[in-house]
Amino acid sequence: LPHSILPFYLRALRIEERYMEASKAGASLELFVKHYNRMVASSSAPALLNKGQIRFPWLEKERDKLRRTMTGKERGDSFFRNGDYERAAAKYASCLTIDGEGDPDIKLTGDPSEIPNAGGRLHAVLHCNRAACLMAIRRYREASKECTAALRIHTQYMKAMLRRGRCYARLEQHEEAIAEYQRWVHLVEEAKNKANSATANTTTTCFFDRAVDVSDEEFARVKNELEDVKKAMRDAAMNARAEAEFRAERQKWYNENFRRTTSSTTPQKGSNKHDAYSRRQQWYENQDDSTRRWDSFNGASPKKPSGKSYGRSKSYTESARSTFSEKFRRSSSSSKNNYQKDGGNQKNQQSIGSPGSDASICHYAVLQVKKNAKPVEIKKSYHRMALKYHPDKNKDVNASDKFRRIQLAYEMLSDPSARKRYDAEQRLNQFYN
């Protein structure tokens, strides 16, 4: 061979896993260089002196790559046989980078399935072996990428094709899995039918893993796997339809029952005014623009002893609250006339709900969620508790009142702006009390 072709020849032997031939060729070239240069040095012939000594600077690097490739792949196979799949996959990945060493245009970092290489049997097998390791540790998505990298080198690499189909099946990508299985089955059937025919296609055949070499037992097993994947796909479709129908029925039931409950629990005129819910509704219907919250004193302030007045005083607490929201500024200005001194001293009193009022109950505690709960968690807890304490479902005496408090809490916490104001009020109450 011409000397310019020799580097490509040895590299091709290594990439096609013809390690014995590559090793012998490298040793022969090294021996040839030594003998030729020794002959040139000891000869006085003009023809040899004009040619000079031969130098193959690439030969040592190529033989080192061959040695490291063989050692790394053998160690990876040993790790795999011993069940150490993580180290086996890492060893195969290191072998994938050997061929591109010394090339400034090749990036050897990142995902091993995306490392550029010269192709060939070696790299296809390394990618497929890494896929087997990743499948053993249930990293099916990465394993499917490795199979794809192997199939880019050899489009009819049967083992890589089958492993990619199995990865898709584990990932519940049933359509992709069925396509891979059907392609594998089709190639095997076609190869067996044309085994003795001269029309068999050999241009794209993977010669180290041919479809014609698949055994009947493996073929029957793969066909059974294909039927299992089809059944899983049908079951998944049925489950999805059943889930959609269930959600639609549940939403319809919620809409109908909650609408009926709301209309049935709304107090009518002339209802019992001693009922807490009726008094609260009457309070909010009769007030105009006041932002004062409902208390439990039947729509009026506590009765004051004659001759004395126990109104609220303007304090640092009220002025601090006024910086948070318009609600507290309006409340402060509306109650400004009720402030008064008692014995020359100002007494700071905060507006809090009585023990039986809605203002004294934490909405988060009512819905049994944390204060940093997400809207999805709040909605889920509301549905669960509403079903539990619905008056039509729960015959407890206090069920109606609990259901009302649950609705009130959800109305407050489901509105982002209302929840923000409520949280600010809770923080102020906790700090100044």
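Residues numbered from 1 in each chain as written. Predicted model: local features only at pLDDT ≥ 70, side-chain atom pairs only at ≥ 80, totals over all residues. Heavy atoms only, no water.

Engineer: Explanation requested: the overall build of the protein chain in the structure shown.
Structural biologist: Summing up its helical and strand segments, the protein chain has 17 helices and 0 strands in all. Expressed as a percentage of the 433 residues in the protein chain, the buried residues total 37%. Pairs at least 24 apart in sequence give 61% of the contacts found in the protein chain among residues at least 6 apart. As displayed, the protein chain offers around 27,500 Å² of accessible surface, 50% of which is attributable to carbon and sulfur atoms. (Helix = DSSP H or I, 4+ residues; strand = E, 2+ residues; numbered from the N terminus. Buried < 20%, exposed > 50% of the residue type's maximum accessible area, 1.4 Å probe, protein only. Contact = heavy atoms within 4.5 Å. Areas by Shrake-Rupley, 256 points an atom, 1.4 Å probe, with all protein chains shown as cover.)

Engineer: Even after reading the chapter, I still don't get the packing of aromatic side chains, so can you show me in this structure?
Structural biologist: Pairs of aromatic rings are described using the distance from one ring centre to the other and the angle between the two planes. For the structure on display, the rule yields 6 aromatic pairs. Here Phe-80 and Tyr-85 contribute two aromatic rings whose centre-to-centre distance is 5.4 Å and whose plane-to-plane angle is 70 degrees, an arrangement assigned as edge-to-face. Taking the relative accessible area as the measure of exposure, Phe-80 reaches 32% and is therefore partly exposed. Take Tyr-85: its relative accessible area is 27%, and that puts it in the partly exposed class. Between Tyr-382 and Tyr-410, the ring centres sit 3.9 Å apart and the planes meet at 5 degrees, which makes this aromatic pair stacked. Taken as a pair, Tyr-382 in helix α15 (residues 375-389) and Tyr-410 in helix α16 (residues 399-414) lie far apart in primary sequence, 28 residues in all. Here Tyr-382 and Tyr-410 have matching classes, each one buried. (Phe/Tyr/Trp six-rings, centres within 6.5 Å; stacked < 30°, edge-to-face > 60°.)

Engineer: Would you mind showing me how to read the packing of helix α4 (residues 57-81) against helix α5 (residues 85-96) here?
Structural biologist: Axis angle and axis distance: for two packed helices, these are the angle between their axes and the distance between the axes, and together they describe the pair. In the contact formed by α4 and α5, the axes pass within 8 Å of each other and the chain directions differ by 160 degrees. With respect to α5, the element α4 is oriented roughly antiparallel. Considering the relative orientation of α4 and α5, their crossing is left-handed. In this structure, α4 contributes Thr-69, Gly-72, Lys-73, Arg-75, Gly-76, Asp-77, Phe-79 and Phe-80 to the contact, and α5 contributes Tyr-85, Arg-87, Ala-88, Lys-91, Tyr-92 and Cys-95. Residues of the contact of α4 with α5, tallied by class, amount to 6 nonpolar, 3 polar and 5 charged. (Axes fitted to C-alpha atoms, helices over the stretch in contact; angles between N-to-C directions. Parallel < 35°, antiparallel > 145°, perpendicular 65-115°, else oblique. Left-handed = near helix turned anticlockwise from the far one by under 90°. Nonpolar A, V, L, I, M, F, W, Y, C, P; charged D, E, K, R; others polar.)

Engineer: Is there a simple way to think about the pattern of salt bridges in this case?
Structural biologist: Pairs can form between side chains of opposite charge whenever their charged atoms are close. For the structure on display, the rule yields 22 salt bridges. For Asp-99, the salt bridge identified is with Arg-11, shortest N-O distance 2.7 Å. One end of the pair, Asp-99, is in the loop between α5 and α6 (120-136); the other, Arg-11, is in helix α1 (residues 6-15), with 88 residues separating them in the sequence. Residue Asp-99 is classed as buried on the basis of its relative accessible area, which comes to 7%. Looking at Arg-11, the relative accessible area reads 30%, which means it is partly exposed. In this structure, Asp-84 engages Arg-87 in a salt bridge whose closest nitrogen and oxygen atoms are separated by 3.6 Å. Using a relative accessible area of 46% as the deciding quantity, one classes Arg-87 as partly exposed. (Salt bridge = Lys/Arg side-chain N within 4 Å of Asp/Glu carboxyl O.)

Engineer: Sorry, what's going on with unusual backbone geometry here?
Structural biologist: Most peptide bonds take the trans configuration, and most residues that are not glycine carry a negative phi. Phi is positive for Arg-138, close to 65 degrees, though the residue is something other than glycine. Relative to the helices and strands, Arg-138 is located in the loop between α6 and α7 (140-153). One non-glycine residue with positive phi stands out, namely Glu-172, at about 60 degrees. Position of Glu-172 among the secondary structure elements: in the loop between α8 (158-170) and α9 (174-193). Using a relative accessible area of 60% as the deciding quantity, one classes Glu-172 as exposed.

Engineer: Even after reading the chapter, I still don't get the confidence of the model for the protein chain, so can you show me in this structure?
Structural biologist: Low pLDDT means the predicted atomic positions in that stretch should not be read closely. Across the protein chain, the average pLDDT comes to 77, with 68% of residues at or above 70. Here residues 307-357 is a poorly scored stretch, pLDDT under 50, and it has 56 contacts once near neighbours within four places are set aside; other chains count. (pLDDT = per-residue confidence, 0-100.)

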